[in-house]
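These are the residues of each chain, in order.
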Amino acid sequence: YRSSHFTALSHRVTCALWAEGFCRRSPRVAPALRRAMLHADKEALRTAYKLRLLAIREKELNYFLQNCINIATLAAMLAGFAQSGLIYTKYIDKNLCGEREIGCSELLYPIIIIVVMCLSLTCLWSCMLVTMMAPGLALRGPEGSLVRCLDIVAEEYQSALVYFIAALFFFF
């Protein structure tokens with residue numbers, strides 16, 4: 001809106017100057033006015049480019065935040081399933097690993113379930129912090145904070161995805 005408004009305003013000023021005959025009387029004013037108009041058009045193009053780039057980055061931020069919310073939901077469900085799996089530790093068949101290794105099933109299964117819960121909760125915590133803190137940094141940060149915010153969100157999204165995949169691997 002600002003760039004089109006600025007261009008329209010500069011066009012009106014130019015038309016008014018030409019209508020009064022100001023530029024026709026003085027041959028030196030016309031080139032100066034053209035340079036000013038070219039500079040104004042250049043600034044308008046630069047502003048329009050920045051606005052389009054900002055809109056694209058905003059869509060990218062929303063994409064990462066929505067994916068973090070989805071991963072956090074799945075991680076919470078996986079942690080709940082793992083927690084409910086701890087109930088069945090007393091029903092484990094003691095001959096799972098053989099006669100000599102009775103303690104392996106009683107010890108290994110709960111440890112793996114606890115690892116799954118820890119990985120899922122770490123993924124959930126990371127996604128929660130990203131979805132809560134990233135929009136604030138993008139909106140209220142200094143100049144260029146949206147680009148910095150996108151870099152941080154992309155890194156945290158990748159680490160949360162690794163935690164979730166590891167938890168899923170240990171769960172199955």
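The shown structure was predicted, so the numbers you read here are calculated from the model rather than taken from an experiment.

1. A look at the overall build of the protein
Line of reasoning, step 1. If you tally the helices and strands in the protein, you get five helices and zero strands.
Line of reasoning, step 2. Counting only residues that meet the buried cut, the protein has 28% of its 172 residues in that class.
Line of reasoning, step 3. Across the protein, every contact between residues at least 6 apart in sequence was considered, and the portion connecting residues at least 24 apart equals 74%.
Line of reasoning, step 4. In the form shown here, the protein has an accessible surface area of approximately 12300 Å², with 66% of it arising from carbon and sulfur atoms.

2. Focus: the nonpolar core
Line of reasoning, step 1. In terms of nonpolar packing, the biggest core is built from 26 residues, with Leu61, Ile71, Cys123, Cys127, Cys149, Val153 and Phe164 touching the most fellow members.
Line of reasoning, step 2. When contributions to this core are tallied by element, the ones reaching two or more residues are helix H3 (29–85), helix H4 (102–140) and helix H5 (145–171).

3. With respect to the layout of surface pockets
Line of reasoning, step 1. Looking at the largest pocket, its volume works out to about 510 Å³.
Line of reasoning, step 2. Lining the largest pocket are 19 residues; nearest its centre among them are Lys50, Leu54, Ala138, Gly144 and Leu146.
Line of reasoning, step 3. When residues of the lining of the largest pocket are assigned to their parent elements, the largest contribution, ten residues, is made by H3.
Line of reasoning, step 4. Split by residue class, the lining of the largest pocket holds twelve nonpolar, three polar and four charged.

4. Digging into a negative patch on the surface
Line of reasoning, step 1. Residues Glu60, Asp151, Glu155 and Glu156 make up a contiguous surface patch of negative charge.
Line of reasoning, step 2. By the secondary structure assignment, Glu155 is in helix H5.

5. Structural notes on the side chain of Ser145
Line of reasoning, step 1. Locating Ser145 in the fold gives a position in helix H5.
Line of reasoning, step 2. Under the relative-accessibility criterion, Ser145 is labelled buried at 6%.
Line of reasoning, step 3. Discounting residues that sit within four places of it in the chain, Ser145 has contacts with Leu137 and Ala138.

6. Details of the environment of Met128
Line of reasoning, step 1. Tracing the backbone through its elements, the reader meets Met128 in helix H4.
Line of reasoning, step 2. The exposure class of Met128 is partly exposed, given its relative accessible area of 32%.

7. So, the pattern of salt bridges
Pairs can form between side chains of opposite charge once their charged atoms are near each other.
Line of reasoning, step 1. In the structure shown here, the tally under the stated rule is one salt bridge.
Line of reasoning, step 2. Its salt-bridge partner being Arg46, residue Glu43 comes within 3.1 Å of it at the nearest N-O pair. One end of the pair is Glu43 and the other is Arg46, both in helix H3 and three residues apart, which spans about a single turn.
Line of reasoning, step 3. Since its relative accessible area comes to 39%, Arg46 is described here as partly exposed.

8. Observations regarding H5
Line of reasoning, step 1. With 27 residues, H5 should cover 39 Å at 1.5 Å per step; its first-to-last C-alpha distance of 38 Å lies within 8% of that length.
Line of reasoning, step 2. Burial in H5 covers these residues: Ser145, Leu146, Cys149, Leu150, Val153, Tyr157, Ala160, Phe164 and Ala167.

9. Points about the environment of Gln158
Line of reasoning, step 1. For Gln158, the location among the structural elements is in helix H5.
Line of reasoning, step 2. The class of Gln158 is partly exposed, set by a relative accessible area of 46%.
Line of reasoning, step 3. In the structure, Gln158 is positioned 90 residues away from Cys68 in sequence and 9.7 Å away in space, judged by C-alpha atoms.

10. Side note on the state of the cysteines
Working definition: the covalent bond between the sulfur atoms of two cysteines is a disulfide.
Line of reasoning, step 1. Under the criterion given, the structure shown has zero disulfides.
Line of reasoning, step 2. Note on Cys123: no disulfide assigned, nearest cysteine sulfur contributed by Cys127 at a separation of 4.3 Å.
Line of reasoning, step 3. Relative accessible area serves as the criterion here: at 0%, Cys123 is assigned to the buried category.

11. Here we look at a nonpolar patch on the surface
Line of reasoning, step 1. A cluster of nonpolar side chains, contributed by Leu107, Ile111, Val115, Phe169 and Phe170, occupies part of the molecular surface with about 490 Å² of accessible area.
Line of reasoning, step 2. By residue number, the principal contributor to the nonpolar patch is H4, which donates three residues.
Line of reasoning, step 3. Inspection of the secondary structure assignment puts Val115 in helix H4.

Calculation criteria
- Residues numbered from 1 in each chain as written.
- Predicted model: local features only at pLDDT ≥ 70, side-chain atom pairs only at ≥ 80, totals over all residues.
- Heavy atoms only, no water.
- Helix = DSSP H or I, 4+ residues; strand = E, 2+ residues; numbered from the N terminus.
- Buried < 20%, exposed > 50% of the residue type's maximum accessible area, 1.4 Å probe, protein only.
- Contact = heavy atoms within 4.5 Å.
- Areas by Shrake-Rupley, 256 points an atom, 1.4 Å probe, with all protein chains shown as cover.
- Core = buried A, V, L, I, M, F, W, Y, C linked by side-chain atoms within 4.5 Å.
- 1 Å grid on protein atoms, 1.4 Å probe; cavity = no way out; pocket = protein on both sides within 12 Å on 5 of 7 lines; lining within 4 Å.
- Points joined across faces, edges and corners; volume = space filled by probe spheres on them.
- Nonpolar A, V, L, I, M, F, W, Y, C, P; charged D, E, K, R; others polar.
- Patch = residues over 30% accessible without salt bridge, like charges linked within 9 Å, V, L, I, M, F, W, Y side chains within 5 Å.
- Salt bridge = Lys/Arg side-chain N within 4 Å of Asp/Glu carboxyl O.
- Lys, Arg positive; Asp, Glu negative; His and termini not counted.
- Charge placed at Lys NZ, Arg CZ, Asp CG, Glu CD.
- Expected span 1.5 Å × (residues − 1).
- Disulfide = S-S within 2.5 Å.

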